[in-house]
Each structure stands twice: as C-alpha cells, then as structure tokens.
Protein chains: 2
Amino acid sequence: MDTQPIRKTFNQQLTELRERLLYMGGLVESAVHRSLRAALERDAALADDVVDHIEPEINRLEVEIDDRVLRLMALQQPMAVDLRFLAAVLKVGNDLERMGDLAVNIAQGTPRLLRQPLAAPVVDLPLMAARANQMLRSALDALMTEGVDLARSVLAADDEVDGMRDAIFRTLIEVMTREPSEVERSVALLSIARNLERIADHATNIAEDVIFWVEGVDVRHHFAEGPPA
Amino acid sequence: MDTQPIRKTFNQQLTELRERLLYMGGLVESAVHRSLRAALERDAALADDVVDHIEPEINRLEVEIDDRVLRLMALQQPMAVDLRFLAAVLKVGNDLERMGDLAVNIAQGTPRLLRQPLAAPVVDLPLMAARANQMLRSALDALMTEGVDLARSVLAADDEVDGMRDAIFRTLIEVMTREPSEVERSVALLSIARNLERIADHATNIAEDVIFWVEGVDVRHHFAEGPPA
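All chains use their own residue numbering, which begins from 1 and follows the written sequence. Chain letters start at A and ligand numbers start at 1, both assigned in the order the entries are written. Thresholds applied to this predicted model are a pLDDT of at least 70 for local features of residues and 80 or more for the giving and counting of side-chain atom pairs; totals over whole chains, interfaces and linings are not thresholded and use all residues. In computing side-chain values, all of the structure's heavy atoms are included and hydrogens and water are not.

Let us look at the pattern of salt bridges. One side-chain nitrogen of Lys or Arg within 4 Å of one carboxyl oxygen of Asp or Glu is enough to make a salt bridge. Per the counting criterion, the structure on display carries 40 salt bridges over all chains. Ionic pairing is found between Glu-160 of chain A and Arg-131 of chain A, a salt bridge with its closest N-O pair at 2.9 Å. Residue Glu-160 of chain A is located in helix α6 (residues 148-178), and its partner Arg-131 of chain A is located in helix α5 (residues 125-145); the two are separated by 29 residues in the primary sequence. Burial classes: relative accessible area under 20% of the type maximum marks a residue as buried, over 50% as exposed, and values in between as partly exposed (1.4 Å probe, protein chains only). Using a relative accessible area of 38% as the deciding quantity, one classes Glu-160 of chain A as partly exposed. Close ionic contact of Glu-182 of chain B with Arg-185 of chain B constitutes a salt bridge, the shortest N to O distance being 3.0 Å. Residues Glu-182 of chain B and Arg-185 of chain B agree in their burial class; the two are buried. Through salt bridges with shared partners, a single ionic network connects Glu-16, Arg-20, Glu-57, Arg-60, Glu-64 and Arg-68 of chain A. Put simply, DSSP marks the helices as runs of H or I at least four residues long and the strands as runs of E at least two long, and each gets a number from the N terminus on.

The following block contains the structure:
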C-alpha cells in the first residue's frame, strides 16, 4: 500500500475512483436484470453467468474500491468534505456488493422454478426490478453530480417499490390459498419480490449516503443534531 | 466538527468508539430478540417498542459513530492499521443499522400474525434467531479482540443458518400445500425466516470486515491479490 510512488494527483485519483464505482454499479444493474430474466425465463445458463461471472467481479471491485479509498485516505490526508465523500464511497461499495448477493439469491432460485410448469405471470416482477435498477442509477448519478434532489427522489421511489411488493404478496397469497399446486412456484416468486425489495432498500441507502455527504447533515434518520460530545 | 478542542488521546477516543459500537450491537441483539418474541407471542406492544424506541436509537448511534470515525480520521491522521480499523467500523455501523431495519420488518409482521389463530409452532424460528444473535456477538467480540479465528467461526455458522432457513422453507411449503387456510400465516413465518437469514448475513459481513482489518488481506471473497495498479 505504501510502496507505490505517488504519480497521480488527488483529483485524478478521485475521478478514477468514481469511474470504478460507476462500473461496479453497472455490473450490479446487469446482475439484477439478468438474474430476474434467468428466473422468469427459466434459463439456467443465464443464472450461472450471474453466479459465476458477474457477482465475483462485483466482489472483486468492492475490494479494489476499498483499497483505493484507504490509500487516498492514508496518503493524501483529504479535507473534511473529501473525507466524507470517501467514507460515503466505502458504504456505497458495501451496498453494491450486497445488491450483487441479492441478485445471486434470485438467480439461485432458478432451478426451483425450472421444475415447475410454465404459467402466465400473475405478478409484475420485471416492473419491480426495472424500478429498483432505476433507483440505483439515480442514486449513483446523484453521487457523481452531488444531486441532492435526485437522491431524494430515490427515497420517494422506495415507498413505491414497497407498495409493489405488498401488492405482489397479496396476489400470491390469494393464488396459493386457491390453488395448492401453485404453492412452491409462488414461494419462489415471493422470494424474488423480497430480494428485489432489498435491492431497492440498498439503492435507498446509497441515496441517503449521498445526501449525508453533500449536505454534511444526516438525513438518514431524520436526525440532524450536532456531533457527539 | 473542528471547533472542539482535542482533549482526549487517540487511544481514548478509539476505546470510546469501541464501547459505542458494542452498545449499538447490544441494541441490535435486543431488537432481534424482541421483534421475534413480538411476532410469535403476538405482542403488539413489544413490536411497537422495537419500532418506536430501539430501532431509532440504533439509527442515532450509526450517525454518532460515523461522526466519531470521520472526526478521528480528520484530526488524528491515523496510521494505516488504525485507518483500516476505522474503515471497518464505518462498515460495521452500516451493517448494524441494516440489522435494526430487518428486526423492524419482523416486528411489523406482528399485526398480520395477530389476525391468525394461535397454533403450535411448526418451525423453530427462535433457534434461528438465537443463532443469528450469537453470530453477531461473536463478530463484535472478534472486532474487539482482533479474533480472526472467532471471526472465521461466524462464516461457518452462516452456512448453518442458511440450512435452517432451507428446512423452514421446505416445512412451510408442505404446510401450505396441505392446508390452504395456513397460507397467510405461513407466508408471515417465511418472511421472518428470510429476515433472520439476512440478519445472519450481516453478522457474517461484520466478521469478514474484521478479518479484512486484522489480516490486512481481504478474505471477503476469497480474493487475496495485491492492491490495484
């Protein structure tokens, strides 16, 4: 960590860090999109792609990004505002990695769905996934542009995704009550809805970290008192 | 942030930080324990206690701990090993906060369970919760004592918890298939199992961060290459 010569300026390194984080975010979007397609189209090869290639690359990037952050902190002794940004990046990397895990959960449900007969979809999981991915894109955009308003829009979208999940749960409970043969398939769909909800929660977390960083106040829990004594 | 005189030594402040983190961990354990009791004993007051008191206090502590970490980073310019510890603390605080959210999810399922008649428990959720809390305690212990072996034991316990969740899912799918009137209650129990599994995942995450910090290598994803170029 401390044997490398410092050739790049702090700003160059920050720019690189942002680029890597965006790349990681793009991989997470792709993992979410592909894992859902794998499950709903019962495509085992696509599921394997998420589990064997995309998610390991996401994990590798978290390690790389942590390392870049720690190096910048150690060698550049950044000012308070940059330090706060770097702390936000550590948390965002953590959230992105968890989102990758959740995509893997979805992909790993594919074999269970493969055993079931194909049926008309009763719930709109692709819409929920698209909304979660849109939240992620907005949260990362907000991080790159210091866009507090954009970040706040992510917080609002989370309520919408929670509403989608509730509607999906209600529908699936009805289906299972009416048709016992649909129980296993419905439980798999419930799990996907739950994983998508958690993915949206992590996007919300990222948006909260952006607001925390930009405003220097903490909106995460509507708590804006001063620092501890 | 920078108007306060520095009276305490770096080590005193680190000690305080550790104490606050342990206190936060204790609150999370309490939230997990109480939320499950609230759900299974259909105790709305206990559920409200988690939602209205314990979780907000957990949230407040994350903000406080972040602030302490940023202050230490900015004012004390810690060495690489301490910096790595402080970065780990930021991530651990994040994980503890998410665990509080998941406990709230469990507590908020209580009203749904309240509408259902009481029945003999078919799955052992308290055992799963106890195991998840034990993982959390071990992970925080490992953080305080630099106990890498203890941290590794948490990683192993996570597989066990995943196994419990799978067994619970299988049982509940059987119950719902046999008895349609049990669907709604079973879905609520499935949700609790899923939340407990995520709580255990976060404890695992903390253990991984401890190993990362102590060993200075990253075992999070069995990835131990050098730093990026």
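We call two residues in contact whenever any of their non-hydrogen atoms come within 4.5 Å of each other. The interface is formed by 50 residues belonging to chain B together with 50 residues belonging to chain A. A salt bridge links Lys-91 of chain A to Glu-62 of chain B, with the nearest nitrogen and oxygen atoms 2.9 Å apart. As used in this structure description, the phrase polar contact means that two N or O atoms lie within 3.5 Å; if the pair is within protein, one of them must be able to donate a hydrogen and the other to accept it, and residues adjacent in sequence are counted only when both atoms belong to side chains. If you look at where chain B meets chain A, you find eight residue pairs in polar contact (both at pLDDT 80 or more). Listing elements by their share of the side of chain B that touches chain A, those giving two or more residues are α2 (44-76), α3 (80-108), α6 (148-178) and α7 (183-215) of chain B. Broken down by element, the residue count for the side of chain B that touches chain A peaks at twelve residues, all from α2 of chain B.

The superposition of copies rests on a least-squares fit of C-alpha positions from residues with pLDDT of 70 or more in both. Least-squares fitting of chain B to chain A yields an RMSD of 0.0 Å, with the transformation described by 0.0 Å of translation along the axis and a rotation of 180 degrees. On this basis, the relationship between the two copies can be described by a two-fold rotation axis. With an isologous cut-off of 70% or more, the 100% of interface residues of chain B that recur at the interface of chain A puts this contact in the isologous class.

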